[in-house]
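# Observations on chain architecture
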Amino acid sequence: MLPFAADQSGTGGFEPPSIADFFPAPVLFQGTWLEFNRIMLVRLVAAVVLVTFMVVVARRARLVPGRTQAAVEMILDFVRVNVVNEILGTERGKRYAAMLTTVFFGILAFNITGAIPGLNIAGTSLIGLPVLLAVWAYVTYLSAGVKAQGFGGFVKSSLFPPGVPWFMYILLTPIELLQVLVIRPATLAIRLMANMVSGHLMLALCFAATQYFVVEAAPGLKAFGALTLVASLALTAFEVFVAALQAYIFVVLTAVYISLSVEAEH
(Lines give C-alpha, C1' and ligand atoms only; values in the text may rest on other atoms or scores of the structure.)
Protein backbone atom coordinates (compact mmCIF):
# COMPACT_ATOMS: atom_id res chain seq x y z
CA MET A 1 0.00 0.00 0.00
CA LEU A 2 1.46 3.34 -1.04
CA PRO A 3 1.85 5.93 1.75
CA PHE A 4 -0.31 8.58 0.08
CA ALA A 5 -3.89 9.12 -0.86
CA ALA A 6 -5.10 8.16 -4.32
CA ASP A 7 -6.84 10.69 -6.52
CA GLN A 8 -10.55 10.07 -6.06
CA SER A 9 -11.74 12.89 -8.27
CA GLY A 10 -10.64 11.38 -11.55
CA THR A 11 -9.10 14.70 -12.60
CA GLY A 12 -5.49 13.77 -11.90
CA GLY A 13 -2.97 16.03 -10.21
CA PHE A 14 -1.10 15.96 -6.96
CA GLU A 15 -2.94 14.46 -4.01
CA PRO A 16 -1.31 15.23 -0.63
CA PRO A 17 -1.64 12.84 2.32
CA SER A 18 -4.53 13.39 4.67
CA ILE A 19 -5.70 12.39 8.11
CA ALA A 20 -7.66 9.59 6.41
CA ASP A 21 -4.38 7.62 6.28
CA PHE A 22 -4.79 6.99 10.01
CA PHE A 23 -8.32 5.60 9.67
CA PRO A 24 -8.07 2.84 7.06
CA ALA A 25 -11.09 0.78 6.09
CA PRO A 26 -11.60 -2.45 8.05
CA VAL A 27 -10.32 -5.63 6.45
CA LEU A 28 -12.00 -8.05 8.87
CA PHE A 29 -15.06 -8.09 11.15
CA GLN A 30 -16.39 -4.74 9.96
CA GLY A 31 -18.98 -3.24 12.30
CA THR A 32 -18.08 -5.43 15.29
CA TRP A 33 -15.89 -4.84 18.34
CA LEU A 34 -13.33 -7.16 16.72
CA GLU A 35 -12.97 -4.83 13.71
CA PHE A 36 -9.48 -5.25 12.25
CA ASN A 37 -7.79 -2.72 9.99
CA ARG A 38 -4.38 -2.08 8.47
CA ILE A 39 -2.91 -0.27 11.47
CA MET A 40 -3.89 -3.17 13.72
CA LEU A 41 -2.16 -5.49 11.27
CA VAL A 42 0.97 -3.32 11.44
CA ARG A 43 0.87 -3.53 15.25
CA LEU A 44 0.45 -7.29 15.13
CA VAL A 45 3.37 -7.67 12.72
CA ALA A 46 5.59 -5.46 14.90
CA ALA A 47 4.71 -7.38 18.08
CA VAL A 48 5.23 -10.81 16.50
CA VAL A 49 8.54 -9.82 14.92
CA LEU A 50 9.82 -8.27 18.17
CA VAL A 51 8.88 -11.28 20.33
CA THR A 52 10.26 -13.75 17.78
CA PHE A 53 13.49 -11.80 17.41
CA MET A 54 14.05 -11.63 21.17
CA VAL A 55 13.28 -15.32 21.67
CA VAL A 56 15.70 -16.31 18.90
CA VAL A 57 18.46 -14.06 20.28
CA ALA A 58 17.92 -15.42 23.81
CA ARG A 59 18.03 -19.05 22.68
CA ARG A 60 21.17 -18.48 20.63
CA ALA A 61 22.95 -16.48 23.33
CA ARG A 62 26.61 -17.37 23.78
CA LEU A 63 29.29 -16.44 26.29
CA VAL A 64 31.14 -14.68 23.48
CA PRO A 65 28.32 -12.77 21.76
CA GLY A 66 27.96 -12.38 18.03
CA ARG A 67 27.08 -9.08 16.42
CA THR A 68 23.32 -9.39 16.85
CA GLN A 69 23.55 -10.52 20.47
CA ALA A 70 26.09 -7.79 21.21
CA ALA A 71 23.80 -5.14 19.71
CA VAL A 72 20.82 -6.32 21.76
CA GLU A 73 22.89 -6.48 24.95
CA MET A 74 24.22 -2.98 24.28
CA ILE A 75 20.67 -1.60 24.06
CA LEU A 76 19.62 -3.54 27.17
CA ASP A 77 22.59 -2.16 29.08
CA PHE A 78 21.85 1.34 27.82
CA VAL A 79 18.30 1.24 29.21
CA ARG A 80 19.38 -0.39 32.47
CA VAL A 81 22.40 1.82 33.17
CA ASN A 82 21.61 5.15 31.52
CA VAL A 83 17.90 5.26 32.32
CA VAL A 84 16.91 2.92 35.13
CA ASN A 85 20.00 3.06 37.36
CA GLU A 86 20.73 6.71 36.59
CA ILE A 87 17.25 7.89 37.57
CA LEU A 88 16.00 5.33 40.08
CA GLY A 89 19.26 4.04 41.54
CA THR A 90 20.67 0.53 41.33
CA GLU A 91 18.64 -1.10 44.09
CA ARG A 92 15.29 0.56 43.42
CA GLY A 93 15.77 0.27 39.69
CA LYS A 94 15.82 -3.53 39.83
CA ARG A 95 12.06 -3.51 40.46
CA TYR A 96 11.30 -1.52 37.34
CA ALA A 97 14.07 -2.50 34.91
CA ALA A 98 12.02 -5.21 33.19
CA MET A 99 8.98 -2.96 32.76
CA LEU A 100 10.95 0.00 31.42
CA THR A 101 13.01 -2.18 29.08
CA THR A 102 9.85 -3.82 27.71
CA VAL A 103 8.26 -0.41 27.14
CA PHE A 104 11.37 0.85 25.35
CA PHE A 105 11.62 -2.08 22.95
CA GLY A 106 7.87 -2.15 22.40
CA ILE A 107 7.62 1.54 21.52
CA LEU A 108 10.71 1.29 19.31
CA ALA A 109 9.19 -1.64 17.39
CA PHE A 110 5.80 0.05 16.97
CA ASN A 111 7.38 3.38 16.01
CA ILE A 112 9.85 2.09 13.47
CA THR A 113 7.16 0.50 11.30
CA GLY A 114 6.52 4.00 9.98
CA ALA A 115 9.87 3.85 8.14
CA ILE A 116 9.56 0.27 6.83
CA PRO A 117 8.42 -0.11 3.21
CA GLY A 118 5.18 -2.05 2.93
CA LEU A 119 4.08 -1.05 6.43
CA ASN A 120 4.54 2.71 6.04
CA ILE A 121 2.79 3.77 9.23
CA ALA A 122 3.71 3.67 12.90
CA GLY A 123 1.63 1.48 15.18
CA THR A 124 1.65 4.35 17.69
CA SER A 125 0.17 6.88 15.25
CA LEU A 126 -3.34 6.28 16.62
CA ILE A 127 -4.02 7.30 20.21
CA GLY A 128 -5.20 3.89 21.46
CA LEU A 129 -1.78 2.25 21.79
CA PRO A 130 -0.04 5.33 23.26
CA VAL A 131 -2.87 5.58 25.82
CA LEU A 132 -2.45 1.91 26.74
CA LEU A 133 1.29 2.42 27.27
CA ALA A 134 0.67 5.62 29.24
CA VAL A 135 -1.85 3.82 31.47
CA TRP A 136 0.72 1.11 32.16
CA ALA A 137 3.28 3.77 33.11
CA TYR A 138 0.67 5.65 35.16
CA VAL A 139 -0.45 2.59 37.14
CA THR A 140 3.18 1.70 37.82
CA TYR A 141 3.84 5.27 38.96
CA LEU A 142 0.86 5.33 41.34
CA SER A 143 1.47 1.86 42.75
CA ALA A 144 5.15 2.65 43.32
CA GLY A 145 4.26 5.77 45.28
CA VAL A 146 1.59 4.08 47.40
CA LYS A 147 3.88 1.12 48.10
CA ALA A 148 6.80 3.34 49.14
CA GLN A 149 4.90 5.93 51.19
CA GLY A 150 1.49 4.48 51.91
CA PHE A 151 -1.66 5.97 50.43
CA GLY A 152 -1.80 8.93 52.81
CA GLY A 153 1.89 9.70 52.49
CA PHE A 154 1.74 9.55 48.71
CA VAL A 155 -1.26 11.88 48.56
CA LYS A 156 0.38 14.29 50.99
CA SER A 157 3.72 14.43 49.17
CA SER A 158 2.04 14.71 45.76
CA LEU A 159 -0.60 17.32 46.53
CA PHE A 160 0.96 19.29 49.38
CA PRO A 161 4.59 20.14 48.53
CA PRO A 162 6.62 20.82 51.71
CA GLY A 163 8.03 24.23 52.54
CA VAL A 164 5.07 26.14 51.06
CA PRO A 165 2.98 28.63 53.09
CA TRP A 166 -0.38 27.05 53.95
CA PHE A 167 -2.45 29.59 52.03
CA MET A 168 -0.57 28.74 48.81
CA TYR A 169 -2.04 25.23 48.91
CA ILE A 170 -5.36 26.74 47.77
CA LEU A 171 -3.66 27.41 44.43
CA LEU A 172 -1.01 24.67 44.31
CA THR A 173 -3.04 21.62 45.36
CA PRO A 174 -5.54 21.75 42.44
CA ILE A 175 -2.62 22.22 40.03
CA GLU A 176 -0.74 19.28 41.55
CA LEU A 177 -3.91 17.17 41.44
CA LEU A 178 -4.38 17.97 37.75
CA GLN A 179 -0.74 17.15 37.08
CA VAL A 180 -0.87 13.80 38.89
CA LEU A 181 -4.22 12.65 37.50
CA VAL A 182 -4.22 14.10 33.97
CA ILE A 183 -1.16 15.95 32.73
CA ARG A 184 1.52 13.31 33.27
CA PRO A 185 -0.25 10.36 31.61
CA ALA A 186 -1.83 12.55 28.91
CA THR A 187 1.45 14.13 27.84
CA LEU A 188 3.11 10.71 27.60
CA ALA A 189 0.44 9.51 25.17
CA ILE A 190 -0.02 12.71 23.17
CA ARG A 191 3.70 13.38 22.69
CA LEU A 192 4.28 9.88 21.36
CA MET A 193 1.31 9.92 18.98
CA ALA A 194 1.91 13.47 17.71
CA ASN A 195 5.50 12.75 16.72
CA MET A 196 4.54 9.62 14.83
CA VAL A 197 1.64 11.35 13.06
CA SER A 198 3.81 14.26 11.92
CA GLY A 199 6.56 11.89 10.77
CA HIS A 200 4.14 9.85 8.67
CA LEU A 201 2.65 12.96 7.06
CA MET A 202 6.07 14.32 6.10
CA LEU A 203 7.17 11.00 4.62
CA ALA A 204 3.89 10.50 2.77
CA LEU A 205 4.05 14.04 1.38
CA CYS A 206 7.57 13.56 0.01
CA PHE A 207 6.88 10.15 -1.53
CA ALA A 208 3.58 11.37 -3.01
CA ALA A 209 5.36 14.38 -4.49
CA THR A 210 8.05 12.10 -5.93
CA GLN A 211 5.47 9.95 -7.70
CA TYR A 212 3.66 13.02 -8.98
CA PHE A 213 6.78 14.67 -10.41
CA VAL A 214 8.12 11.45 -11.97
CA VAL A 215 4.86 10.00 -13.34
CA GLU A 216 2.32 12.78 -13.82
CA ALA A 217 4.05 16.15 -13.95
CA ALA A 218 5.00 18.00 -17.11
CA PRO A 219 8.47 17.13 -18.50
CA GLY A 220 9.93 20.38 -17.24
CA LEU A 221 9.01 19.49 -13.66
CA LYS A 222 10.23 15.90 -13.60
CA ALA A 223 13.68 16.91 -12.32
CA PHE A 224 12.06 17.97 -9.08
CA GLY A 225 11.32 14.29 -8.47
CA ALA A 226 15.01 13.74 -7.72
CA LEU A 227 14.87 16.42 -5.02
CA THR A 228 11.76 15.00 -3.38
CA LEU A 229 13.24 11.48 -3.55
CA VAL A 230 16.38 12.63 -1.73
CA ALA A 231 14.17 14.38 0.83
CA SER A 232 12.15 11.17 1.23
CA LEU A 233 15.26 9.10 1.94
CA ALA A 234 16.61 11.69 4.36
CA LEU A 235 13.27 11.85 6.19
CA THR A 236 13.15 8.06 6.37
CA ALA A 237 16.49 8.05 8.19
CA PHE A 238 15.27 10.88 10.41
CA GLU A 239 12.08 8.95 11.18
CA VAL A 240 14.16 5.99 12.41
CA PHE A 241 16.02 8.38 14.70
CA VAL A 242 12.76 9.90 15.98
CA ALA A 243 11.35 6.41 16.58
CA ALA A 244 14.26 5.60 18.89
CA LEU A 245 14.24 9.06 20.47
CA GLN A 246 10.55 8.88 21.37
CA ALA A 247 11.00 5.44 22.92
CA TYR A 248 13.86 6.86 24.99
CA ILE A 249 11.89 9.95 26.07
CA PHE A 250 8.90 7.84 27.08
CA VAL A 251 10.92 5.55 29.36
CA VAL A 252 12.96 8.44 30.79
CA LEU A 253 9.80 10.33 31.76
CA THR A 254 8.24 7.17 33.16
CA ALA A 255 11.33 6.56 35.28
CA VAL A 256 11.31 10.20 36.44
CA TYR A 257 7.63 9.95 37.43
CA ILE A 258 8.30 6.74 39.37
CA SER A 259 11.24 8.40 41.10
CA LEU A 260 9.06 11.37 42.06
CA SER A 261 6.33 9.09 43.40
CA VAL A 262 8.58 7.17 45.77
CA GLU A 263 10.34 10.23 47.21
CA ALA A 264 8.67 11.75 50.29
CA GLU A 265 9.80 15.24 49.26
CA HIS A 266 10.10 16.63 45.73
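Residues numbered from 1 in each chain as written. Predicted model: local features only at pLDDT ≥ 70, side-chain atom pairs only at ≥ 80, totals over all residues. Heavy atoms only, no water.

## Re the overall build of the protein
Note the following rule: Where helices and strands are cited, they refer to DSSP runs of H or I of at least four residues and of E of at least two residues respectively, numbered from the N terminus. Note on exposure labels: buried denotes an accessible area under 20% of the residue type's maximum, exposed denotes more than 50%, and partly exposed covers the range between, all computed with a 1.4 Å probe on protein chains only. In this description, contact between two residues means that some pair of their heavy atoms is separated by no more than 4.5 Å. Per-residue accessibility takes into account occlusion by the displayed protein chains alone, with areas from the Shrake-Rupley method and a 1.4 Å probe. By the counting scheme adopted, Arg and Lys are positive, Glu and Asp are negative, and His together with the chain ends is not counted. In this description, the location of a charge corresponds to atom NZ of lysine, CZ of arginine, CG of aspartate or CD of glutamate.
The helix and strand inventory of the protein stands at 7 helices and 0 strands. For the protein, the α and β elements follow one another from N to C terminus as α-α-α-α-α-α-α. In terms of its C-alpha atoms, the protein occupies a principal-axis envelope of roughly 70 × 55 × 40 Å. Per-residue burial for the protein yields a buried fraction of 38% across its 266 residues. Put simply, of all contacts in the protein between residues at least 6 apart along the chain, 69% involve residues at least 24 apart. Carbon and sulfur atoms make up 72% of the accessible area of the protein, which amounts to about 14900 Å² in all. Averaging the locations of the 15 positively and 13 negatively charged side chains of the protein gives two centres separated by 11 Å.

## Describing a nonpolar patch on the surface
Test applied: Put simply, a patch holds well-exposed residues, over 30% relative accessible area, that have no salt bridge, with like charges counted together within 9 Å and Val, Leu, Ile, Met, Phe, Trp or Tyr side chains within 5 Å. Salt bridges are defined by distance alone: a side-chain nitrogen of Lys or Arg within 4 Å of a carboxyl oxygen of Asp or Glu.
Nonpolar side chains collect at one region of the surface, where Phe78, Met202, Phe238, Phe241, Leu245 and Tyr248 lie side by side and expose about 520 Å² of accessible area between them. For the nonpolar patch, the leading source of residues is helix α7 (residues 224-262), giving 4 residues. Within the secondary structure, Tyr248 sits in helix α7.

## Quick word on the confidence of the model for the protein
For clarity, the cut-off: Confidence scores per residue from the predictor, reported as pLDDT, run from 0 to 100.
For the protein, per-residue confidence averages 86 on the pLDDT scale, and residues scoring 70 or more make up 94% of the total. Mean pLDDT across the elements of the protein bottoms out in helix α3 (residues 90-93) (88) and peaks in helix α4 (residues 97-112) (95). Note that residues 1-11 has pLDDT below 50 and, in this model, 18 contacts with residues that lie over four places away or in other chains.

## Here we look at the packing of aromatic side chains
Under the convention used in this document: Aromatic rings from Phe, Tyr and Trp, with only the six-membered ring used for Trp, were paired whenever their centres fell within 6.5 Å, and each pair was classed as stacked if the ring planes differed by under 30 degrees, edge-to-face if by over 60, and tilted otherwise.
Inspection of the entire model under this criterion finds 9 aromatic pairs. The interplanar angle of 75° and the centroid separation of 5.4 Å between the aromatic rings of Phe160 and Tyr169 together place this pair among those described as edge-to-face. Ring plane angle 40° and centroid distance 5.8 Å describe the contact between Phe213 and Phe224, whose orientation is recorded as tilted. One end of the pair, Phe213, is in helix α6 (residues 169-216); the other, Phe224, is in helix α7, and 11 residues separate them in sequence. Overall, the relative accessible area of 40% leaves Phe224 in the partly exposed class.

## Thoughts on the nonpolar core
Under the convention used in this document: We define the nonpolar core as a collection of buried residues of types Ala, Val, Leu, Ile, Met, Phe, Trp, Tyr and Cys that are connected through side-chain atoms lying within 4.5 Å of one another.
With 36 residues, the main nonpolar core has Leu100, Phe104, Ile107, Tyr141, Leu188 and Phe250 as its most contacted residues. Elements with a minimum of two residues in this core: α2 (67-88), α4, α5 (128-159), α6 and α7.

## What about the side chain of Glu239?
Within the secondary structure, Glu239 is located in helix α7. Buried within the structure, Glu239 lacks any salt-bridge partner; Arg38 is the closest side chain of opposite charge, at an N-O distance of 12 Å. In this structure Glu239 touches Ala115, Met196, Gly199, His200 and Leu203, once residues within four positions along its chain are discounted.

## Digging into the environment of Thr52
With respect to the helices, strands and loops of the structure, Thr52 is situated in helix α1 (residues 38-59). Judged by relative accessible area, which is 43%, Thr52 ranks as partly exposed. Linking Thr52 and Leu63, residues 11 residues apart in sequence, is a C-alpha distance of 21 Å.

## Overview of the packing of α4 against α5
Definition in use: Between N-to-C directions, angles cover 0 to 180 degrees, with each direction set by a line fitted to C-alpha atoms, over the stretch in contact for helices. With respect to orientation, any angle under 35 degrees is reported as roughly parallel, any angle over 145 as roughly antiparallel, any angle of 65 to 115 as roughly perpendicular, and every other angle as oblique. Each residue gets one of three labels, nonpolar for Ala, Val, Leu, Ile, Met, Phe, Trp, Tyr, Cys and Pro, charged for Asp, Glu, Lys and Arg, and polar for the others, Gly among them.
Viewed as axis vectors pointing N to C, α4 and α5 meet at an angle of 170°, and their least axial separation amounts to 12 Å. In terms of orientation, α4 lies roughly antiparallel with respect to α5. Of the residues in α5, those touching α4 at Met99, Thr102, Val103, Ile107 and Phe110 are Leu129, Leu133, Trp136, Ala137 and Thr140. Of the residues assigned to the contact of α4 with α5, the class counts are 8 nonpolar, 2 polar and no charged.

## Side note on α1
Since the α-helix packs 3.6 residues into each turn, any two residues three or four apart lie on the same face. We count it as follows: Between the first and last residue of a helix there are one fewer steps than residues, each counted as 1.5 Å, and that sum is the expected span. Here the arc refers to the set of directions running from the helix axis out to each C-beta atom. N or O atoms within 3.5 Å of each other form a polar contact, as long as, within protein, one can give a hydrogen and the other can take it, and as long as residues adjacent in sequence are counted only when both atoms are side-chain atoms.
Taking 1.5 Å of rise per residue, 22 residues should cover 32 Å, and α1 covers 31 Å from first to last C-alpha, within 8% of that figure. Arg38, Ile39, Val42, Arg43, Ala46 and Val57 are the residues of α1 that are buried. Buried residues in α1, looked at end-on, bunch into an arc of 150°, giving them a common side. α1 presents Val51, Ala58 and Arg59 as exposed residues on the side facing more than 90 degrees away from its buried surface. Those residues of α1 that are buried lie in contact with α2, α4 and α5. Looking at where α1 begins, the residue whose side-chain oxygen comes 3.1 Å from the main-chain nitrogen of Ile39 is Asn37.

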